[in-house]
Every structure is written in structure tokens, then in C-alpha cells.
Amino acid sequence: MVNQKSIYNLTGKSKVVSNKKMSFVEKLYLPAILNGMLITASHLFKKKTTIRYPEVKRNYSDIYRGKHVLKRDDEGRERCTACGLCALSCPAEAITMVAAERKRDEEHLYREEKYAITYEINMLRCIFCGFCEEACPKEAIYLTQRDTPADYDRESFIYGKDKLVEPLDKAKRIDVSKRIPKDE
Ligand code: SF4
Ligand code: SF4
């Protein structure tokens, strides 16, 4: 038979509830209140485990998955060819896109003959699993260490190409080298 007392003492913190009559001092509650205030005050001088986010940010792990980026190639052309594999692999059904044919005078804009004229990710649905990144055959979509900022408006969490495609300016490109396995 299991010893009930040994179960209670597993953590060493449990106390057996007593129904004994409270003394006069205990009925005043003042010692208990003072004791509680002392515990609270002692925490004022301890090292804090919280930070003042978003002004202060912690360093993320190298494999942290945050806001997505749609990459350009070295010539600044969008890599995405609107194949839809990322959307198909997304367990949250967060990705939608509309494909379009590249025109002759658009070869400097899009790498492939087909491109995404609309590409949207619903960040309220996304669980940042990274399956879209893994599914992409064109190395076009990556998750980065960037945050998706909080907002009060649900519409603002539908991220379109304006928020996803990286800037043309090479100096402002998003570094995703940490998300690419080293042997590739
Ligand atoms: S990270 Fe996962 S949930 Fe988010 S868009 Fe990509 S596949 Fe969908
Ligand atoms: S991001 Fe990649 S997987 Fe998704 S549609 Fe574009 S090329 Fe295809």
C-alpha cells in the first residue's frame, strides 16, 4: 500500500492542513500580513528575471524562428515562383498567394517565369513551425530572428509582400545564413 505521508512529502513543500483553533495573535492577521510584506520587499533587491520589452530584448537562439522574409537573388529579383508548396505544407493554412506570368520587361524583377503577384501570411494563424521554409524549392522563404510586433487591429497581422519581401538595397538585405544548414 502507498504511504500517503510519503506522497505529501514528494516536494517537501506540502503542509498538512490543520483545523486547530487560531490563537488571538493569528486572528489579528497582522503577523501574517507583515510576513507577506517582508517577502515582497525582499524581492525588490533581488536580480529581476523580467526585462523591459520591447525596449530591451533578449538574445534569441540561433535556431529561433520569427517573422518570415521573401528573399531576392543576387541580382535583386524575387526568388518566389508562386509554386504553392509552402502553402500546401503549412499546417495552419496561414499562407495564400496569387500567381502571375512574368512579362518580358519584368525579367529584372522576378527570377522565374511565374511569380507571386500577391503573397500573404496570416500571422495570427502562423505557429512559426518553419515547414514553409523547408518546403520551398527556390530558397525563397525563410523565417528570421525578427519579431512580429503586437497590434490592436487583426487586419494588420495579414502580412503582404510589402512586409515580407526584403528590400532591394543590398545593404538592407535580411541575413538568413544562420537558418541555412552549414553543409548546404
Ligand atoms: S511557419 Fe509554419 S505555420 Fe507559419 S506560415 Fe510557415 S508553415 Fe505556416
Ligand atoms: S515561397 Fe517557395 S514554396 Fe512558397 S510559393 Fe514561393 S517558391 Fe513556392
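So, here is what we can say about the structure in this document. (Residues numbered from 1 in each chain as written. Chains lettered and ligands numbered in written order. Predicted model: local features only at pLDDT ≥ 70, side-chain atom pairs only at ≥ 80, totals over all residues. Heavy atoms only, no water.)

Details of the packing of aromatic side chains
Part 1: Per the counting criterion, the structure on display carries 2 aromatic pairs.
Part 2: Seen from their ring centres, Tyr60 and Tyr64 are 4.0 Å apart, and the 10° between their planes marks the pair as stacked.
Part 3: Given the relative accessible area of 28%, Tyr64 is considered partly exposed.
Part 4: With a centroid separation of 3.6 Å and an interplanar angle of 10°, the aromatic rings of Tyr110 and Tyr115 are classed as stacked. (Phe/Tyr/Trp six-rings, centres within 6.5 Å; stacked < 30°, edge-to-face > 60°. Buried < 20%, exposed > 50% of the residue type's maximum accessible area, 1.4 Å probe, protein only.)

Overview of a nonpolar patch on the surface
Part 1: A cluster of nonpolar side chains, contributed by Met22, Phe24, Val25, Leu28, Tyr29, Leu30, Ile33, Leu34 and Met37, occupies part of the molecular surface with about 950 Å² of accessible area.
Part 2: Of all the elements in the fold, those that place two or more residues in the nonpolar patch are α2 (24-28) and α3 (30-44).
Part 3: Here Tyr29 is to be found in the loop between α2 and α3.
Part 4: Tyr29 gets classed as partly exposed once you look at its relative accessible area, which sits at 47%. (Patch = residues over 30% accessible without salt bridge, like charges linked within 9 Å, V, L, I, M, F, W, Y side chains within 5 Å. Areas by Shrake-Rupley, 256 points an atom, 1.4 Å probe, with all protein chains shown as cover. Salt bridge = Lys/Arg side-chain N within 4 Å of Asp/Glu carboxyl O. Helix = DSSP H or I, 4+ residues; strand = E, 2+ residues; numbered from the N terminus.)

Some remarks on the site of ligand 1
Part 1: In the vicinity of ligand 1 lie 13 residues, with Cys90, Cys126, Cys129, Gly130 and Cys132 positioned nearest.
Part 2: Its residues assigned to classes, the shell around ligand 1 shows 11 nonpolar, 2 polar and no charged. (Near = heavy atom within 4 Å. Nonpolar A, V, L, I, M, F, W, Y, C, P; charged D, E, K, R; others polar.)

Some remarks on a negative patch on the surface
Part 1: A surface patch of like charges, here negative, comprises Glu101, Asp105, Glu107 and Glu113.
Part 2: With respect to the helices and strands, Glu101 occurs in strand β2 (residues 95-101).
Part 3: On the basis of relative accessibility, which here comes to 58%, the residue Glu101 falls in the exposed class. (Lys, Arg positive; Asp, Glu negative; His and termini not counted. Charge placed at Lys NZ, Arg CZ, Asp CG, Glu CD.)

A short note on the sheet that holds strand β5 (residues 158-159)
In a beta sheet, neighbouring strands pair by backbone hydrogen bonds and run either parallel or antiparallel.
Part 1: Taken in spatial order, the 3 strands line up as β2-β3-β5 in an open sheet, and their pairing is antiparallel. The two strands at the open ends of the sheet, each matched to only one other strand, are β2 and β5.
Part 2: Bridge count for β2 against strand β3 (residues 114-122) is 7 bridges, and the pairing is antiparallel. Considered in β3, the bridge of Ala99 is made with Ala116. (Pairing = 2+ DSSP bridges.)

Some words on the site of ligand 2
Part 1: In the vicinity of ligand 2 lie 14 residues, with Cys80, Cys83, Gly84, Cys86 and Cys136 positioned nearest.
Part 2: Considered class by class, the residues forming the shell around ligand 2 number 11 nonpolar, 2 polar and 1 charged.

Here we look at the side chain of Glu106
Part 1: Among the secondary structure elements, Glu106 is positioned in the loop between β2 and β3.
Part 2: Despite its burial, Glu106 remains without a salt bridge, the nearest opposite charge being carried by Lys103 at 4.4 Å.

A closer look at the environment of Val69
Part 1: Structurally, the position occupied by Val69 is in strand β1 (residues 68-70).
Part 2: Here Val69 falls in the buried class, since its relative accessible area comes to 1%.
Part 3: The sequence separation of Val69 and Lys178 amounts to 109 residues, and the corresponding C-alpha distance is 14 Å.
Part 4: For Val69, the residues in contact, after removing those within four places along its chain, are Ala140, Ile141, Tyr142, Thr144, Arg146, Leu164, Glu166, Ile174 and Val176. (Contact = heavy atoms within 4.5 Å.)

A look at the pairing of β3
Part 1: Here 2 bridges tie β3 to β5, and the two strands are oriented antiparallel to one another. Within β5, the position partnered with Asn122 by the bridge is Ile158.

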